[in-house]
Every structure is written in C-alpha cells, then in structure tokens.
Amino acid sequence: AIGAIGTSLFGNFFAMGHFALDLCARISRTSAFSKTVAKSLTVAIPAALALIGPAIYLPLISFAGAYPTTLLYGLSPALCSFVLRRKLVKGGRNKVTTPRIVPGGDVSLIVLSLSALGLVGTSTFLAVKRILSFVGL
C-alpha cells in the first residue's frame, strides 16, 4: 500500500508541477519567482485537499493511481502489439516470420484490451460512486 500511495503521490507531484509551470508561464514569463510560485502550488493544492479531510483526499489519490497503471501496463501493450502485428502483415511478412510475443493471436490481444477497459470502467464507476456519496447524492 505504501508503494502504491508513493507512486501516486510522485505522479501527482510531477503532473501538478508541470501544470503549475505551464500556468505560471502563461501568466508571466518564466522567472525564478514564477518557478517558486509553481513549486508552491504543486505542494499547496494537494495539501489543501488533504487538510479538508481524508474523505476526499484518499479517493483522489486512488483515482490518480488507478488509471495510469491500467492504461500503461494493461491497455498500451496489447494495443501496441496489435498495431505492430498489423504493420508487419501489411509490410509483406508472413505469419511464420512475424514475432509472437503474446501467444494466441488477435483473440488474446482483444481479451487483454477488453480486460483493461473493464478495469478502467470499474475504476470510473467506483470513483463516481464515491464522489457522489461524498457530495451527498
């Protein structure tokens, strides 16, 4: 659990840091002051949400950790392998010379993609349900 929370926080801080830098760059030219403001915003926004209470902060962290992992390690490899197979077949290579990293052909890639999409859908449903229960709907 500590590793999951840590990786979610690192991802959150990197994303928020870049977002805050972009925001400060749009408002004014990038300077030492705007970088300091961006770094302060990177820590202040999540800290403010955490001070509101763990009832909102912990679901936000789980929401931030659920999607990148599923998309990066579940959906992306299956889709990349599917596209690579299509390009190799289109390029004139036959099935004997086409590398098969994932056995089972297109059926296994479709099953893997649908499983990843199912996890994303389940995470979305649970996140929306949790947010609606927090709001009181």
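Residues numbered from 1 in each chain as written. Predicted model: local features only at pLDDT ≥ 70, side-chain atom pairs only at ≥ 80, totals over all residues. Heavy atoms only, no water.

1. Section: the overall build of the chain
Reasoning step 1: A count of helical and extended segments in the chain gives four helices and zero strands.
Reasoning step 2: Helices (α) and strands (β) of the chain occur, in sequence order from the N terminus, as α-α-α-α.
Reasoning step 3: Sorting the 137 residues of the chain into buried and exposed places 21% on the buried side.
Reasoning step 4: Restricting the contact set of the chain to residue pairs at least 6 apart, pairs at least 24 apart contribute 61%. (Helix = DSSP H or I, 4+ residues; strand = E, 2+ residues; numbered from the N terminus. Buried < 20%, exposed > 50% of the residue type's maximum accessible area, 1.4 Å probe, protein only. Contact = heavy atoms within 4.5 Å.)

2. Brief notes about helix α2 (residues 32-52)
Reasoning step 1: Look at α2: 30 Å from first C-alpha to last across 21 residues, which is about the 30 Å you get at 1.5 Å a residue.
Reasoning step 2: Those residues of α2 that fall on the buried side of the exposure criterion are Ser34, Ala38, Thr42 and Pro46.
Reasoning step 3: The first or second residue beyond α2 is Gly53, which carries a positive phi of 145°. (Expected span 1.5 Å × (residues − 1).)

3. Considering helix α4 (residues 105-135)
Reasoning step 1: Counted at 1.5 Å a residue, the expected span for α4 with its 31 residues is 45 Å, and the 46 Å between its end C-alpha atoms agrees.
Reasoning step 2: All of the buried residues along α4 are Gly105, Ser108, Leu109, Ser113, Ala116, Val120 and Ala127.
Reasoning step 3: Gly136 sits one or two residues past α4 and shows a positive phi near 105°.

4. Side note on the environment of Ser113
Reasoning step 1: Along the chain, the position of Ser113 falls in helix α4.
Reasoning step 2: By relative accessible area, which is 12% here, Ser113 ends up buried.
Reasoning step 3: Along the primary structure Ser113 and Phe82 are separated by 31 residues, whereas in three dimensions their C-alpha atoms are 9.9 Å apart.
Reasoning step 4: Setting aside residues no more than four positions away along its own chain, Ser113 makes contact with Leu75, Ala78 and Leu79.

5. Points about the environment of Val135
Reasoning step 1: Tracing the backbone shows Val135 in helix α4.
Reasoning step 2: A sequence separation of 79 residues divides Val135 from Ile56, and the C-alpha atoms of the two residues are 9.8 Å apart.

6. Brief notes about a nonpolar patch on the surface
Reasoning step 1: A grouping of Phe19, Leu23 and Ile27 is seen on the molecular surface, where their side chains present a nonpolar patch of about 330 Å² in accessible area.
Reasoning step 2: On the secondary structure map, Phe19 appears in helix α1 (residues 2-27). (Patch = residues over 30% accessible without salt bridge, like charges linked within 9 Å, V, L, I, M, F, W, Y side chains within 5 Å. Areas by Shrake-Rupley, 256 points an atom, 1.4 Å probe, with all protein chains shown as cover. Salt bridge = Lys/Arg side-chain N within 4 Å of Asp/Glu carboxyl O.)

7. Here's the deal with the confidence of the model for the chain
Reasoning step 1: In this model, the chain carries an average pLDDT of 75, and 79% of its residues clear a pLDDT of 70 or more.
Reasoning step 2: For the chain, per-element mean pLDDT is lowest for α1, which scores 71, and highest for α4, which scores 84. (pLDDT = per-residue confidence, 0-100.)

8. Overview of the environment of Lys39
Reasoning step 1: Along the polypeptide, Lys39 turns up in helix α2.
Reasoning step 2: Judged by its relative accessible area of 62%, Lys39 is exposed.
Reasoning step 3: A C-alpha to C-alpha distance of 6.3 Å links Lys39 and Gly17, two positions 22 residues apart in sequence.

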